[in-house]
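If you want the building blocks of each chain, they are given just below.
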Amino acid sequence: MIMADSGSSEEVAVIGNTDLTSAESENNIINTMVERGTALLRKMEINVAEAEKRTGKNTVNMQETYTVYLIEVRPAETVPEGGTQAPPDTLWRRYSEFELLRTYLLVTYPYIIVPPLPEKRAEFVWHKLSADNLDPDFVERRRVGLENFLLRVASHPVLSNDKIFFLFLTEEKGWREAVLETGFQDKADSRLKSLSAMFRVKNPDKRFTALKHYSDELNTVISQLLRVRARVADRLYGVYKVHGNYGRVFSEWSAIEKEMGDGLQSAGHHMDTYAASIDDILEEEEHYADQLKEYLFYTDAVRSVCRKHELIQYELEMTAQELAHKKQQKEELATGTVRIFSLKGMTSKLFGQETQEQREVKLAALEQSIQEGEEMVKQKNTECQEFVQAAWDDIERFKEQKDKDLREALINYAIMQISMCKKGIQVWSNAKECFNKM
Amino acid sequence: MSGQAVPADFSEHMLDLDEDEDLEVFSKNTSLADGSPMPNSPSSMVNQYRLEEDEEQADPNNKDIFITVDNPESHVTAIETFIMYRVVTKTTRSEFDSCEYEVRRRYQDFLWLRSRLEENHPTLIVHPLPEKFVMKGMVERFNDDFIETRRRALHRFLNKISEHPILSYGEHFKAFLTAEDLAPHKKQGPGFLSRMGETVRAVANSVRGLRSRPEEFTVMQEYAENFSNKICSVDRVTQRIIKEQREYLDELKQYSPTYTQWVESEEDLAEPLKGMASCMEHCGKETEEQIHHLSDSLLPILHEYVLCAETLKAVMRRRDNIQAEFETKNEALLSRKGDQEAGWQLQEEVDGLADRVELANNALRGDWSRWLSSMRTDLRSAFVSSAEKNVEYYEKCLAVWESFLLSQREESGEQKEGDSS
């Protein structure tokens, strides 16, 4: 059983009879829709159990404070009745190491929609919530997000087999060297640089174009939703907290009344309860926001795959174009006609025809070049086709996952709202009884 | 803040008067200001102001007069424009010639009635009228909401008067309810100048200060102050809640269009997203209703009691003034020497003023407990009703979300069946 130690699981259980089916409770506890099918997960249980503050010297030899996260890995085995689980293997990682892992995966598997990391800095914050990276609530939510990331990678049919990922979970010391040894940095530089460059593809793949549009739209709408949520949370907080003033005033007022005193006083207590209840409610709602954020960041990964495809397509087109050009040149040389304006052509016209020998040398060189060119085109074509194949497999997988997860998120949101309404009914019913005693 | 609460019932105190034979009430110079005969014995006086426990609240089953204020209509003259309200009275009381009356009154007429009632009964607690004009917020005088709020308050005002054991039997109240034209009635009674004179005397006396206020009235005074503070706070808090709710609603309204926009790019997710959009819209409507209840039902009552608190304080001041007047004259009498003829006149005046003090105090005592009880009923019912409304609000929202959840579970149930087939 995968333990996604989300921390909010206990609160979910306590919320009372929201009529959760056992399947849904299970889903509520598990952060991710994790497929148990991957080989890795069949072997291991993965947890990000804790977070700790550390201080140390950074690269410019200055003191800095940072947070490290404890990764627990234990073999997935059934525990005998009454027995205890074997202690897990553990190691500590900081956020920047997670980032390094992800960058490596992005470069190594360009056709895969690589799961996103939780946000580096708190965004879409409603104002009562801290935007401070060292804030314990933020650290806790990040811990959950990092665990979620590891579980997503571990449950991915392709990524879960990666050696570097395995080492990330098992080798604390030598991991950084191992990553750098793969030489992914070189690929990273060239690939990522080209991605930001401007280029136009002549025959864009309609499916990828559509996917890019979709991912842009999703990005826009989720951003908007997160902004609305933050503003609504802010306002709702205000409404609840002002009721706390009722508590104070009723209490003071009850002191000057005789018969009305008791009713007022106890009603006031319920007002205080009501005002206090918003903190938990909004804390839970952060979970919904985090689920939306994960898919917001996913859209970047999707866009990235589309761009990589465009790059490959572009390179293929360029290569094919060059080949066509060379073939054209060969034809001209062979037949002696100049169809394409070229400096060589002009000079040969001006300075006389070449000798037969010279022509034959050129032809041979061109033949060679054309052969190489054809090989290149074949290669690029294959590369492109393989990319498209692999990418669409992953895209289909992603689409299913997204629909499932977001639907689940919406259901969880509804469950939260139901819980909030039930609390409201309770408090105001109690208050009404107290008012009746006034 | 006084720790001592005001005892609700003063009837024990009134019994003392029966046994006090020194109290003389024969006097020609003082009479009840509305012309009705002065009670000429202590016991009859006590009976007039004594309130049996069960009569403290008007028993709805024994109600013999029903008044409604409705149908506001704009009235245009050459000089001004104002609103006329229809006042319908149905009664079985014998002093009314008919059992049903319908008249049209404007706000000024209500003001006239109230000021006459206060003049005639300076130490009775007369329910306040809605304010002349609300300055804060852009409330126009002829704005529909403003007129409706005012109409309800005027309705409550007349009903409060009709439920008052003393105020509802005056001739001015009767004239207000029955006369086609109030103008002739408005000219009667102590004129403007005498009212001026009273005010001047009152100011002079208050400057002098009271010799000694009976403890019970000091207690009342303190309660009035404290109550005023507290009810003003509750009023302010409620206003603040309404403001926060409105701002919350404005933001909440952004949810539905955002979810709807998202529907456009989705296939499988379109249906639950549509559901979310719909839920948000429903919750928005419920929130709107809740805000209306707060501002149309709870806030006006709280506001009325803010004004009541001011009335209480004014009543306390008037009582103090009546006592101060007596004390001034009494001192003048005691420090006077010689001139027997003038002395007798002064003695008569002093006696009259003493009676006035007695009357005023008794009136206040009786009305105080009636008012407390009425306040308690009104505020309790207002708070209960608000709490009920809040419960309803959450119940409705709960239903919205539960129905959404149900629809999603049905969907996923169908899907699961589809997968396994």
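Criteria and cut-off values
- Residues numbered from 1 in each chain as written.
- Chains lettered and ligands numbered in written order.
- Predicted model: local features only at pLDDT ≥ 70, side-chain atom pairs only at ≥ 80, totals over all residues.
- Heavy atoms only, no water.
- Pairing = 2+ DSSP bridges.
- Helix = DSSP H or I, 4+ residues; strand = E, 2+ residues; numbered from the N terminus.
- Axes fitted to C-alpha atoms, helices over the stretch in contact; angles between N-to-C directions.
- Contact = heavy atoms within 4.5 Å.
- Domains from an automatic or database assignment.
- Buried area = accessible area lost by both parts, 1.4 Å probe.
- Salt bridge = Lys/Arg side-chain N within 4 Å of Asp/Glu carboxyl O.
- Polar contact = N/O pair within 3.5 Å; in protein donor to acceptor, adjacent residues only side chain to side chain.
- Nonpolar A, V, L, I, M, F, W, Y, C, P; charged D, E, K, R; others polar.
- Buried < 20%, exposed > 50% of the residue type's maximum accessible area, 1.4 Å probe, protein only.
- Parallel < 35°, antiparallel > 145°, perpendicular 65-115°, else oblique.
- Left-handed = near helix turned anticlockwise from the far one by under 90°.

All names here are of chain B. Taken in spatial order, the 3 strands line up as 1-2-3 in an open sheet, and their pairing is antiparallel. Since the sheet does not close on itself, it has two edges, and those belong to strand 1 (65-76) and strand 3 (100-106), each with one partner. The sheet shows a mean angle of 20° between the axes of neighbouring strands, taken without regard to direction. Relative to strand 3, strand 2 (residues 81-91) is paired through 7 bridges, and the arrangement is antiparallel. Of the residues in strand 3, the one forming a bridge with Tyr 85 is Arg 105. Together, strand 2 and strand 3 form the strand contacts of helix 3 (residues 107-120), whose direction differs from that of strand 3 by roughly 105°. Across the sheet, helix 4 (residues 144-163) is in contact with strand 1 and strand 2; its angle to strand 1 comes to roughly 145°.

All names here are of chain A. Per the domain assignment, the segments making up chain A are domain 1 (2-187) and domain 2 (230-338 + 353-437). Taken residue by residue, the interface counts 34 residues in domain 1 and 36 residues in domain 2. Contact with domain 2 buries area across many residues of domain 1, yet Tyr 111, Ile 113 and Trp 126 alone supply 23% of it, more than any other trio. One can count 5 salt bridges joining domain 1 with domain 2. Its salt-bridge partner being Asp 405, residue Arg 152 comes within 2.7 Å of it at the nearest N-O pair. Taken together, the connections running from domain 1 to domain 2 amount to 10 residue pairs in polar contact (both at pLDDT 80 or more). Counting residues per element, the ones that place at least two in the side of domain 1 that touches domain 2 are helix 2 (22-29), helix 4 (95-108) and helix 5 (136-154). Ranked by residue count, the leading element in the side of domain 1 that touches domain 2 is helix 5, at 4 residues. For the side of domain 1 that touches domain 2, the per-class residue count stands at 18 nonpolar, 8 polar and 8 charged.

Now for the pattern of salt bridges. All names here are of chain B. By the definition in use, this model includes 55 salt bridges over all chains. Across the pair Glu 304 and Arg 156 runs a salt bridge whose closest N-O atoms are separated by 2.6 Å. Of the two residues, Glu 304 sits in helix 10 (residues 270-334) while Arg 156 sits in helix 4, which places them 148 residues apart along the sequence. Overall, the relative accessible area of 6% leaves Glu 304 in the buried class. Between Glu 310 and Lys 313 there is a salt bridge whose closest N-O contact spans 3.3 Å. You can see Glu 310 and its partner Lys 313 sitting in helix 10, 3 residues apart, about one turn around the helix. Overall, the relative accessible area of 40% leaves Glu 310 in the partly exposed class. Here Lys 313 falls in the buried class, since its relative accessible area comes to 16%.

Right, let's get into the packing of helix 5 of chain A against helix 10 (residues 261-335) of chain A. All names here are of chain A. Their axes nearest at 11 Å, the elements helix 5 and helix 10 cross at an angle of 45°. Relative to helix 10, the element helix 5 lies oblique. Here helix 5 and helix 10 pass one another in a crossing that is right-handed. Seen from helix 5, the contacting residues are Asp 137, Arg 141, Asn 148 and Arg 152; seen from helix 10, they are Glu 283, Glu 286, Asp 290, Lys 293, Glu 294, Tyr 295 and Tyr 298.

Before going further, it helps to examine unusual backbone geometry. Positive phi, close to 60°, is recorded for Asn 61 of chain A, a residue that is not glycine. Along the chain, Asn 61 of chain A turns up in the loop between strand 1 (44-57) and strand 2 (63-75). On the basis of relative accessibility, which here comes to 57%, the residue Asn 61 of chain A falls in the exposed class. At Asn 71 of chain B, a position not held by glycine, the phi torsion is positive, near 55°. Mapped onto the elements of the fold, Asn 71 of chain B is located in strand 1.

Turning our eyes to something else, we now look at the environment of Pro 257 of chain B. Relative to the elements of secondary structure, Pro 257 of chain B occurs in helix 9 (residues 255-263). Put simply, Pro 257 of chain B and Glu 95 of chain B are 162 residues apart on the chain and 64 Å apart in space, counted from C-alpha to C-alpha.

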